[in-house]
Every structure is written in structure tokens, then in C-alpha cells.
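The chain contents come next:
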Amino acid sequence: MALKITLKPNERMIIGGAVITNGSTGSSFVIENKIPVLRQSDIMSEEAADTPSRRIYLAIQLMYVDSENQATHYANYWNLTQDLVKAAPSMIGFVDRISEHIQSNRHYHALKLTKKMIDYEQEVLSRV
């Protein structure tokens with residue numbers, strides 16, 4: 001099934017590991033094969049990965065778009081999640097479900113769930 005993408009002017013995205021920046025006008029195109037795609041709103045920079053959940057998001061993002069270094073990204077993910085669960089056992093439910101998606105090669109779904117974990121983390125931190 002094809003994926004139709006419409007980009008806003010100057011919007012960035014990652015398609016199969018390549019960072020693409022749209023020009024000064026909007027554009028639309030269709031991706032006809034299965035390949036990792038992340039829109040600008042789903043891309044996290046290293047600088048923005050400033051909490052444990054955000055670092056986990058970045059690790060999953062790299063698993064998704066950087067297949068050449070997947071072993072490194074997987075190892076980083078497992079280390080980060082172990083540290084998170086030790087520090088905040090209430091996160092185990094999120095980590096278990098995210099890990100299921102990763103083990104089933106559904107990295108995009110894992111990213112979406114990790115966004116919810118980031119929101120939960122922010123909620124918890126705001127109460128402290």
C-alpha cells in the first residue's frame with residue numbers, strides 16, 4: 001500500500017535514512033515501497049534527548065532509520081530501558097509494550113508509544 005506524503009514549505013523528514021528538506025513551496029509525493037519514514041514532528045535530535053524517555057525515543061528512532069548500526073542501537077536501547085526501570089519501576093508497563101513492538105520489528109509503533117511514555121514522564125516530573 002502506497003503512502004502519500006504532503007510536505008509543508010521547508011519541512012524536514014527522514015526517508016530510509018536520508019534527511020530530506022522540502023523547498024520553499026509545499027509538495028506531495030507517494031512512497032510506493034516499505035521504507036522507514038519520519039516526519040519532522042517525529043524526529044528527535046540528540047540535543048532534545050535530555051530525559052531518560054527521550055533518550056529511549058532517540059535510540060528507537062536510530063534503530064528505525066539506521067539499519068547499518070542496529071546492533072549498537074539495540075544495545076543502547078536495552079541499557080537505557082534497564083536504567084529507567086531501576087530508577088522508575090512504574091515505567092515497566094510502557095517499556096514492556098515498547099519492547100514488544102521492537103521485537104516485532106514495528107519501530108514506528110514503538111516510537112508512538114514512547115511519545116506517550118515521554119508525556120507520562122513529564123507529568124511525573126511536574127509533580128515532583
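Given the structure is predicted, the values throughout are model-derived calculations rather than measurements.

Calculation criteria
Residues numbered from 1 in each chain as written. Predicted model: local features only at pLDDT ≥ 70, side-chain atom pairs only at ≥ 80, totals over all residues. Heavy atoms only, no water. Helix = DSSP H or I, 4+ residues; strand = E, 2+ residues; numbered from the N terminus. Buried < 20%, exposed > 50% of the residue type's maximum accessible area, 1.4 Å probe, protein only. Contact = heavy atoms within 4.5 Å. Areas by Shrake-Rupley, 256 points an atom, 1.4 Å probe, with all protein chains shown as cover. Lys, Arg positive; Asp, Glu negative; His and termini not counted. Charge placed at Lys NZ, Arg CZ, Asp CG, Glu CD. Axes fitted to C-alpha atoms, helices over the stretch in contact; angles between N-to-C directions. Parallel < 35°, antiparallel > 145°, perpendicular 65-115°, else oblique. Nonpolar A, V, L, I, M, F, W, Y, C, P; charged D, E, K, R; others polar. Phe/Tyr/Trp six-rings, centres within 6.5 Å; stacked < 30°, edge-to-face > 60°.

Asks: I tried to follow the overall build of the protein chain on my own but got confused; where do I start?
Replies: The number of helices and strands found in the protein chain is four helices and five strands. The helix and strand sequence of the protein chain, counted from the amino end, reads β-β-β-β-β-α-α-α-α. Each principal axis of the C-alpha distribution contributes one length, and for the protein chain these read about 45 × 30 × 25 Å. A buried classification covers 34% of the 128 residues belonging to the protein chain. Considering only contacts in the protein chain between residues 6 or more positions apart, those separated by 24 or more positions represent 51%. Summed over its atoms, the accessible surface of the protein chain is roughly 7900 Å², and 52% of this surface lies on carbon and sulfur atoms. Put simply, the protein chain has 14 plus and 14 minus side-chain charges, and the middle of one group is 6 Å from the middle of the other.

Asks: It is not clear to me how the environment of V30 should be interpreted in this structure. Could you clarify?
Replies: Structurally, the position occupied by V30 is in strand β4 (residues 27-31). In sequence terms V30 and M117 are 87 residues apart; their C-alpha atoms lie 31 Å from each other.

Asks: Help me out: how do you make sense of the packing of helix α1 (residues 52-65) against helix α4 (residues 107-127) in this one?
Replies: Packed helices, taken two at a time, are described by their axes: the angle between them and the distance between them. At a minimum axis distance of 9 Å, the contact between α1 and α4 shows a crossing angle of 170°. If you check the angle between α1 and α4, you find them roughly antiparallel. Contacts between α1 and α4 involve P52, S53, R54, I56, Y57, I60, Q61, M63 and Y64 from the first element and H107, Y108, A110, L111, T114, K115, M117, I118 and E121 from the second. Class assignment for the residues of the contact of α1 with α4 results in 11 nonpolar, four polar and three charged.

Asks: Could you clarify how one ought to interpret the side chain of H101 in this entry?
Replies: Looking at the secondary structure, you find H101 in helix α3 (residues 92-103). Dropping the residues within four chain positions of it, H101 is found in contact with R106, H107, H109, A110 and L113.

Asks: Explain the packing of aromatic side chains here, please?
Replies: What describes a pair of aromatic rings is the distance from one ring centre to the other and the angle between the planes of the rings. Here the structure, examined in full by the defined rule, presents three aromatic pairs. Consider the rings of Y64 and Y108, whose centres lie 6.3 Å apart with planes at 45°: the pair is tilted. Of this pair, Y64 sits in helix α1 while Y108 sits in helix α4; the two residues are 44 residues apart in sequence, bridging distant segments of the chain. Here Y64 falls in the buried class, since its relative accessible area comes to 17%. Judged by centre distance (4.7 Å) and plane angle (75°), the ring pair of Y77 and W78 falls under edge-to-face.

Note that all results are geometric; they support no functional claim without further evidence.
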